[in-house]
Structure formats: structure tokens, C-alpha cells
Amino acid sequence: MMTVIICAAGKGERTGFNENKILRELNGLPVLSYSLSAFAPFVDEILVTVTEKDEERINALLSPFPNARIVRGGNTRSESVYHALKEARSDIVLVHDAARPFVTEQIIRDCIDSVKNYGSGVCALPATDTVVFTRANQILSVPDRGTIYTVQTPQGFETKKLLAAYEQAIQAQNTFTDESGVYAAFIEPPRLFVGDVKNKKLTFAEDFSITERVGFGVDTHAFYSEKEGAPLIGFITLGGARIPSERALKAHSDGDVLVHALMDALLSAAGLRDIGYYFPDTDEKYRGADSMELLAEVMRLVKEQQLKPRNVSISILAEKPRLSPYIEPMKSSLAEVLSLPLSQIGIAAGTNEKLGYIGEGKGITVYAMVLLKGA
């Protein structure tokens, strides 16, 4: 029999959220759901420590896991784990922080194997930075880095021994940050196994901005030919910048082919439909529409997915007009709508060496790539 205690009774105050951080969505799922799914195949029992405030919401998340139930937590992490240990029905117990949603199958297997072979298993990573002991902002000593590990979860133990350790800790009113400390203080030095850098703990708001998605968009617009009687507007619009041009681009809207490619890249990265779905050329509302306004609407849709652009790369293929003098105005215009610094927007313009419809000056094609990150 195997039990996992998932610690979810904290407040997560350092994130600055108005809710428990383990209930915050990450890639569309609450953080807690990741740990529940990771451990479910390996254990017979899942105990989730909760506060009274979060009890109803967490209970709802447990519905897909018939072997899971909640345990009311205490004022400290130690008290919460102790309460859960008293209800554990298995010989072996694993303890894991719900705020580590990226625990891997290999880590869980290694933890279980360590407990079976050595009586304990503490997930840890060798320190890669130099660690120092200090007092009053002065370095007192520098320990050998080869002896220093940073401790993660899960941590596994024989249930009876860990419960006995916590009973002594509670009685002595000692406070510990995790199970390895309790076990080392009252039972024996626990056994370490090497974890994974991906098993990151979400502590601050920026830790939730780890989602990254790449999007690609491409669009082409043809120039009006002389026979078609091109509108004599004297310019085309690219990236929100007006550029002198002998002929106009064919389009239902203002024909900003660059912005259209960028919009599709943004929508694609966010897992949404293409611009034709949101702004159909059969809708008279969008006839002659300002593409920068449409881009702003796309940004609203992207933000609803809790995503934002991190950087943009755009390549324009056009034989004419000459675009190099207008690259910076394009970047400035896009930066304002995308809420990006100019340094995060790359725009390159080139010809097609007189080849194909581009080389013949019949149209312009734009390729756009974006990287979105969790907002």
C-alpha cells in the first residue's frame, strides 16, 4: 500500500494572488491538478491537506480521483502533514508540495524505490552555486559545494517512522520546513536521490509565467494591376506605417499584410482560430478596417488565454516598394499595441530576386513568428 500526501493548505502569499496559488490555472488547469494526475497511477491513496477556505474548490478537483480525499490542515506545514499522517492507511507515505506541478514519473519511481531499498527517499539536487554561511552580511565560511544539495519533494518514508518523528516534533514544538528535517532530527539521516531541475516550485508570481508557445503566420496580398484600375491612394500600409506606393494592395480591410500575418501567428500560438474566423471578409463591418485595431482585438483574445507576446520575428518579401526606411516606424507602431519593447520586435525585408509573383512585383508575402509566454 502506498499513500501520497499532497500539501495544499498554504496561502501562497508571496505570489500576491488573491487565491491559493495551487488553485491558479497553468496551461488551463489548476496547479493542484498536475500533482493529482502525476501520483494517481502510483499510489493507493491520495490525501490533500486543505484550509477551510479552499475546501469546496479542492474537493471539486478531486472528483476524477476516486482514491483521493481531503484532510483539514493546520497552522503550519508540519501540522498539516501530521494531520494527514494520522489518517494514512499505507505502510509507505510520500509527501509532495502541490506547488511543484512538474514532478516527473521518474522522480516518483525513484522516490518509491529509495523507500523500499533504504527506508527513506528525499528528492534533491546537487548545488550548482557556491553556498556561504553569513552573519550581519559578512561571509563566515564557505562549505564544500560538493556536500551541498537543495531539497525538493516528493519525500518518501515508512509511515510509522515518519509519524513517530512528527509526534516528537509536535510535542517539542519544533518547526521544520519539510519531512527530511523532521526525520533527521528524530529518526535517522534520510537517504537522498537525485531529482530534476524541471521539478520547480512555484513561489512567486513570475514563476507562473513559464508557459511558452510558438506561433507562425503567413499572408499574401496582391497589388492591383494597371488594367484593374488601382485605387489612387498613393500608399500601402504595413505594420501600421504608411509607405508610398504606386499601386494599392487588394484587400477587404486596409490590406496591411504584415499585421494580418502577425495576427494569425498570435492566434495560432494561443490555440485560437485564424483571422478569417474572427474578421471574415464577407462582413461589411470590416471593409476598409484599420488592421491595427484588429490587432488590438487579437491581443485581447490572447490575453484572455492568460498569454502575452515575448518576442516577434517578421520577414517581408517584396520587390517593391522600398521598405528599409520604414522598418523602425513599423516596429514602433507594433510595439505600442503588443506592449513590447522595440528590442523584442524583429522585422526584416527582402526581395525574391525577381523570381515568381513577388519578383514580378505582383504582390507581397509576409511571414511572422511569435513567442507567447504566460501572462
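All of the points below concern the structure found in this document. (Residues numbered from 1 in each chain as written. Predicted model: local features only at pLDDT ≥ 70, side-chain atom pairs only at ≥ 80, totals over all residues. Heavy atoms only, no water.)

Some words on the pairing of strand β15 (residues 307-317)
On a regular strand, each side chain points to the face opposite its neighbour's, so the side chains alternate between the two faces of the sheet. Under the convention used in this document: The pairing criterion for strands is at least two bridges between them, as found by DSSP. Helix and strand definitions here come from DSSP, where helices need a minimum of 4 consecutive H or I residues and strands a minimum of 2 consecutive E residues; each element is numbered from the N-terminal end. Think of it like this: strands point away, you trace from the first strand over the helix to the second, and a clockwise trace means the crossover is right-handed.
Summarising the sheet, β15 and strand β17 (residues 363-374) pair through ten bridges and their orientation is antiparallel. Within the sheet, the bridge partner assigned to L317 lies in β17 and is T365. Pairing between β15 and strand β16 (residues 345-350): six bridges, direction parallel. Within the sheet, the bridge partner assigned to V312 lies in β16 and is I345. On the question of chirality, the crossover connecting β15 to the parallel β16 by way of helix α10 (residues 327-338) is right-handed.

So, the pairing of strand β4 (residues 45-50)
For clarity, the threshold we go by: For each residue, the accessible area found with a 1.4 Å probe, counting protein chains only, is set against the maximum for its type, and the residue is called buried under 20%, exposed over 50%, and partly exposed in between.
In terms of burial, β4 is a largely internal element, six of the six residues being buried. The two faces of β4 match: E45, L47 and T49 on one face and I46, V48 and V50 on the other face are all buried. Note that strand β1 (residues 2-7) and β4 share five bridges and pair parallel. Bridge pairing in β4 places I5 opposite L47. Relative to strand β5 (residues 68-72), β4 runs parallel, the two being bridged by five bridges. If you follow V48 over to β5, its bridge partner there is I70. Regarding the hand of the β-α-β motif, the stretch spanning β4, helix α2 (residues 55-61) and β5 is right-handed.

Digging into the state of the cysteines
Stated precisely, the cut-off is as follows: Put simply, a disulfide is two cysteine sulfurs that come within 2.5 Å.
Inspection of every chain in the model, using the stated rule, returns zero disulfides. Note on C7: no disulfide assigned, nearest cysteine sulfur contributed by C111 at a separation of 13 Å. No disulfide involves C111; its nearest neighbouring cysteine sulfur is the one of C123, lying 7.4 Å away. Look at C111 and you get buried, because its relative accessible area is 0%.

Thoughts on the packing of aromatic side chains
Worth spelling out the cut-off: Working definition: a ring pair exists when centres of Phe, Tyr or Trp rings (six-membered ring for Trp) sit within 6.5 Å. Plane angles under 30 degrees give stacked, over 60 give edge-to-face, the rest tilted. A ring is scored as having a charge over it whenever the NZ atom of a lysine or the CZ atom of an arginine sits within 6 Å of its centre and within 35 degrees of its normal.
A complete count under the given rule lists seven aromatic pairs for this structure. Ring centres 5.0 Å apart and planes at 90° place the aromatic pair Y277 and Y278 in the edge-to-face group. An aromatic cluster of three or more residues is present, and its members are Y277, Y278, F279 and Y286. The aromatic ring of F17 is capped on one face by R24, whose charged end is 3.9 Å from the ring centroid. The lysine or arginine in question, R191, covers the ring of Y118, its NZ or CZ lying 3.8 Å from the ring centre.

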